[in-house]
Amino acid sequence: MTIDPVLLARAERLLATCRSKGLTLVTAESCTGGMIAGILTAIAGSSDVVDRGFVTYSNDAKAGVLDVPGDLLLAHGAVSEPVARAMAQGALAQSAADLAVAVTGIAGPGGGSAEKPVGLVHLAAAARDGRLIHEQVVFPGDRAAVREQTVVRALDLLEQIAA
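Here's what I pulled together on the structure shown here. Being a predicted model, the structure only gives us computed values, none of them experimental.

Quick word on helix H5 (residues 81-93)
- An ideal rise of 1.5 Å per residue puts 18 Å on 13 residues; H5 measures up with 18 Å between its terminal C-alpha atoms.
- Residues of H5 that are buried: Val83, Ala84, Ala86, Met87, Ala88, Gly90, Ala91 and Leu92.
- Where H5 begins, one side-chain oxygen reaches toward the backbone nitrogen of Val83, 3.4 Å away; that side chain belongs to Ser80.

What follows is the structure, given as structure tokens:
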């Protein structure tokens, strides 16, 4: 599998930032299925920054692995701000990392609705000191495009919270 060199460069920049500040990170991924962790660990030497990655595609996994409350999932659905926030906080709680990023969305082609269209993604980045950033985006394009844009935006959020 070939990885976009521009995306690799962004991931390398993030790793260098984290390394210079002594920060480690964890990922919690739903719609990207491990792609964020994959791009970070494609870079040799990333093990000093990347603690671990969680792929929590199902609601049961979100609840069981990241301790996302079941009532939150029922009230808001998996693709929501509260769940993205809880995923990021849960990833921190289940790791020794300093920073976490979480993504949950509808990559398509099916699964969308009027309220939650295909391309809708909620991203959250959390720091152990309590800071948390959330972003809601509706990405254009097919499944592959939505997932790739989500990875890029997740790296952006990690850079913001690491700054």
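From this point on, the discussion continues.
Structural notes on helix H1 (residues 5-21)
- Its 17 residues place the ends of H1 24 Å apart at the C-alpha level, agreeing with the 24 Å of an ideal helix rising 1.5 Å per residue.
- Among all positions of H1, only Leu7, Arg10, Ala11, Leu14, Leu15 and Cys18 are buried. Along the axis of H1, the buried residues cluster in a sector spanning 135°; they form a single face. Residues of H1 that are exposed and point over 90 degrees away from its buried face: Pro5, Val6 and Ser20.
- Looking one or two residues beyond H1, the residue adopting positive phi is Gly22, at roughly 70°.

Notes on the sheet that holds strand S4 (residues 120-127)
- Pairing within the open sheet is mixed, and its five strands lie in the order S2-S1-S3-S4-S5. Two strands bound the open sheet, and with one partner strand each, they are strand S2 (50-55) and strand S5 (132-138). Taken over all neighbouring pairs, the strand axes of this sheet differ in orientation by 10° on average, direction set aside.
- One ladder, built from seven bridges, connects strand S3 (residues 99-105) with S4; its direction is antiparallel. Bridge pairing in S4 places Gly105 opposite Val121.

A word on the side chain of Thr27
- Tracing the backbone shows Thr27 in strand S1 (residues 25-29).
- You can call Thr27 buried: its relative accessible area is 0%.
- Excluding residues that lie within four positions of it along the chain, Thr27 makes contacts with Ile36, Ala37, Leu40, Arg52, Gly53, Phe54 and Val101.

Here's the deal with the nonpolar core
- Residues Cys18, Leu25, Leu40 and Leu99 are the most contacted members of the largest nonpolar core, which totals 32 residues.
- Secondary-structure elements contributing two or more residues to this core are H1, helix H2 (35-41), S3, S4 and helix H6 (143-162).
- For this core, the leading source of residues is H6, giving eight residues.
- Excluding its chain neighbours within four sequence positions, the residues that come into contact with Cys18 are Leu23, Leu25, Val49, Leu99 and Ala162.

Concerning unusual backbone geometry
- In this chain, Gly108 is followed by Pro109 through a cis amide linkage whose omega measures 5°.
- Of note in this structure, Asp67 is not a glycine but carries a positive phi near 60°.
- Along the chain, the position of Asp67 falls in the loop between helix H3 (59-66) and helix H4 (70-76).
- With relative accessibility at 51%, the residue Asp67 sits in the exposed group.

Rules and cut-offs
- Residues numbered from 1 in each chain as written.
- Predicted model: local features only at pLDDT ≥ 70, side-chain atom pairs only at ≥ 80, totals over all residues.
- Heavy atoms only, no water.
- Helix = DSSP H or I, 4+ residues; strand = E, 2+ residues; numbered from the N terminus.
- Expected span 1.5 Å × (residues − 1).
- Buried < 20%, exposed > 50% of the residue type's maximum accessible area, 1.4 Å probe, protein only.
- Polar contact = N/O pair within 3.5 Å; in protein donor to acceptor, adjacent residues only side chain to side chain.
- Arc of directions from axis to C-beta.
- Pairing = 2+ DSSP bridges.
- Axes fitted to C-alpha atoms, helices over the stretch in contact; angles between N-to-C directions.
- Contact = heavy atoms within 4.5 Å.
- Core = buried A, V, L, I, M, F, W, Y, C linked by side-chain atoms within 4.5 Å.

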